[in-house]
Amino acid sequence: QVQLVESGGGLVQAGGSLRLSCAASGNIFSINAMGWYRQAPGKEREPVATITPRGSTYYAESVKGRFTLSGENAKKVLHLQMSSLKPEDTAVYYCNFHPAGANYWGQGTQVTVSS
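Residues numbered from 1 in each chain as written. Predicted model: local features only at pLDDT ≥ 70, side-chain atom pairs only at ≥ 80, totals over all residues. Heavy atoms only, no water.

Draft legend 1. The pairing of strand β1 (residues 2–7), seen in detail. Because side chains alternate across β1, one face comprises the buried residues Val-2, Leu-4 and Glu-6, and the other comprises Gln-3, Val-5 and Ser-7, none of which is buried. Here 6 bridges tie β1 to strand β3 (residues 18–26), and the two strands are oriented antiparallel to one another. Counted as the bridge partner of Ser-7 is Ser-21 from β3. (Buried < 20%, exposed > 50% of the residue type's maximum accessible area, 1.4 Å probe, protein only. Helix = DSSP H or I, 4+ residues; strand = E, 2+ residues; numbered from the N terminus. Pairing = 2+ DSSP bridges.)

Draft legend 2. Quick look at the pattern of salt bridges. Per the counting criterion, the structure on display carries 5 salt bridges. Note that Asp-89 and Arg-66 form a salt bridge whose closest N and O atoms lie 2.8 Å from each other. Linking Asp-89 in the loop between β8 (77–82) and β9 (91–97) with Arg-66 in the loop between β6 (57–59) and β7 (67–72), this pair joins segments that are 23 residues apart in sequence. Residue Asp-89 is classed as buried on the basis of its relative accessible area of 1%. Connected through salt bridges with shared partners, the residues Arg-38, Glu-46, Arg-66 and Asp-89 form a single ionic network. (Salt bridge = Lys/Arg side-chain N within 4 Å of Asp/Glu carboxyl O.)

Draft legend 3. Representation of the sheet that holds β8 within the structure. Pairing is antiparallel across the open sheet formed by 4 strands, whose spatial order is β1-β3-β8-β7. Taken across any chain shown, the strands that pair with only one partner, and hence form the sheet edges, are β1 and β7. Recorded for the sheet is a direction-independent mean angle of 20° between the axes of neighbouring strands. (Axes fitted to C-alpha atoms, helices over the stretch in contact; angles between N-to-C directions.)

Spelled out as structure tokens, the structure:
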């Protein structure tokens, strides 16, 4: 019922920037309850930046001051602007939509940061 399509991943040098985008379609009416997660090889998937159902934004401590969420509510697009990237940011980044009673994931987009 909900489809999430990510774009914007790629290869970047440390200190560089990337912008990830997630386009949502289907039975979704707001970017609230959406967010970004990431999973590095050998590690568990972790939240990076999320929006609560009321619209509050939360960031993982490791990305505060470097990553910024923004959205285009009418288009149901969620962006993650990533700056000052570090090699430890290397991971597959997943878009998520988690309303009450449901959970949806995108296919993931690879972000690789070289030192």
